[in-house]
Amino acid sequence: MKLFKDIEIIDLALKYKDNLIIGDLQLGYEEYLHNKGLLIPKFQLNDILERLGRIFSRVKVKRVIINGDLKHEFGTINKQEWNDVLKLFDYLFTKVEEIIIIKGNHDVILAPILKQRNLKLVNYFEDDDVTIIHGDKIVVNLNKIIIIAHEHPAISFSEKPADKFKCFLVGKFQRKNLIVIPSFSNLTVGTDVRHGNFLSPYINKIDNFNCYIVDDKGNARDFGKIKELPL
Ligand SMILES: [Mn+2]
């Protein structure tokens, strides 16, 4: 599903030229929950690798850009995070030449893991008309197209309120185009964008935003403007 020149939705990722952009993986979330006394099976990394495999069978890119919140814990690195993040990097390096990690609000202590694979954390990535940034803070000098994560957009319909669908949002921030990508994790579907209270300061009113829902097979469908969606 094409959004702009050189930008298209592929499954829960965005392809921009030679880059594949994914966000909010929140690896290690299971162990974080275990430590809180909630025992859930650890399936997140496998799901993510499977989805990436599906994506790489559809597209070839040189670079993967992780748009923030690669792992879950703020103030520490849990054992699962060490393992899962390194496994993810090693897998990605079998598919692409370069991995870029953009800092998210969860990425307080990430440097020790990144050092293991000689990777650096950046605040944003830009190329031509595009700025890719996590989306928790507003910065100046943004390009014409802004790509953020952070919000975990999803949508549900009153007919079946328990079913929530991850979605991409496309709208405006000031006079610029804004694309909001969904979380790449299966553990968190996301926040219903029609219930207000946005996390990201880039999003204020979304009535005129376009919504693209990704189905189980990884195909995106244009659902039109948020204000015209059935309740
Ligand atoms: Mn975030």
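Throughout what follows, the structure given in this document is the object of discussion. Please read all numbers here as calculations on a predicted model, not as lab measurements.

Reading the values: rules and limits
- Residues numbered from 1 in each chain as written.
- Predicted model: local features only at pLDDT ≥ 70, side-chain atom pairs only at ≥ 80, totals over all residues.
- Axes fitted to C-alpha atoms, helices over the stretch in contact; angles between N-to-C directions.
- Helix = DSSP H or I, 4+ residues; strand = E, 2+ residues; numbered from the N terminus.
- Parallel < 35°, antiparallel > 145°, perpendicular 65-115°, else oblique.
- Left-handed = near helix turned anticlockwise from the far one by under 90°.
- Contact = placed C-beta atoms within 7 Å.
- Nonpolar A, V, L, I, M, F, W, Y, C, P; charged D, E, K, R; others polar.
- Pairing = 2+ DSSP bridges.
- Expected span 1.5 Å × (residues − 1).
- Buried ≥ 20, exposed ≤ 12 C-beta atoms within 10 Å, placed from the backbone.
- Arc of directions from axis to C-beta.
- Core = buried A, V, L, I, M, F, W, Y, C linked by C-beta atoms within 7 Å.

1. Quick word on the packing of helix α2 (residues 44-56) against helix α3 (residues 79-92)
Describing two packed helices takes the angle between their axes plus the distance from one axis to the other.
Here is step 1 of the chain: Contact pair α2 / α3: the axes reach a minimum separation of 11 Å and the direction vectors enclose 15 degrees. The angle between the axes of α2 and α3 places the two elements in the roughly parallel class. As for the relative orientation of α2 and α3, their crossing is right-handed in sense. Across from Leu45, Ile48 and Leu49 in α2, the residues of α3 making contact are Asp84, Lys87, Leu88 and Tyr91.
Here is step 2 of the chain: Of the residues contributing to the contact of α2 with α3, the split by class is five nonpolar, no polar and two charged.

2. Side note on the pairing of strand β12 (residues 164-173)
Here is step 1 of the chain: Here strand β11 (residues 153-156) pairs with β12 via three bridges, running antiparallel. Bridge pairing in β12 links Ile155 to Phe165.
Here is step 2 of the chain: The sheet contact formed by β12 and strand β15 (residues 210-214) spans four bridges and is antiparallel. The residue of β15 that forms the bridge with Cys167 is Ile213.
Here is step 3 of the chain: Hairpin remark: β12 followed by strand β13 (residues 176-180), antiparallel, with two residues in the connecting loop; positive phi at Gln174, about 50 degrees.

3. Description of α3
Here is step 1 of the chain: Helix length check: α3 (14 residues) gives 20 Å between terminal C-alpha atoms against 20 Å at 1.5 Å per residue, within 8%.
Here is step 2 of the chain: Regarding α3, the residues found buried are Gln80, Glu81, Asp84, Val85, Leu88, Phe89 and Leu92. Projected down its long axis, α3 carries its buried residues within an arc of 150 degrees, all on one side. Of the exposed residues in α3, the ones pointing more than 90 degrees away from its buried face are Lys79 and Asp90.
Here is step 3 of the chain: Looking at the buried positions of α3, the neighbouring elements they touch are α1 (29-35), α2, β5 (63-67), β6 (98-102) and α4 (111-116).

4. Description of the sheet that holds strand β4 (residues 19-22)
The strands that make up a sheet are held in pairs by hydrogen bonds between backbone atoms, and each pair lies either parallel or antiparallel.
Here is step 1 of the chain: With respect to topology, seven strands assemble into an open sheet ordered β1-β2-β3-β4-β5-β6-β7, the strand pairing being mixed. Looking at strand neighbours, the two that pair on one side only are β1 (2-4) and β7 (121-122), the edges of this open sheet.
Here is step 2 of the chain: Judged from the five bridges that link them, β5 and β6 form a sheet pairing that is parallel. Paired with Arg63 across the bridge in β6 is Glu98.

5. Section: the nonpolar core
Here is step 1 of the chain: If you look at the biggest cluster of nonpolar residues, it comprises 57 residues, and the most contacted ones within it are Leu14, Ile21, Ile147 and Ile179.
Here is step 2 of the chain: Ignoring sequence-local partners within four residues, the contact set of Ile147 consists of Leu14, Ile21, Asn67, Val130, Ile132, Ile179 and Ile181.

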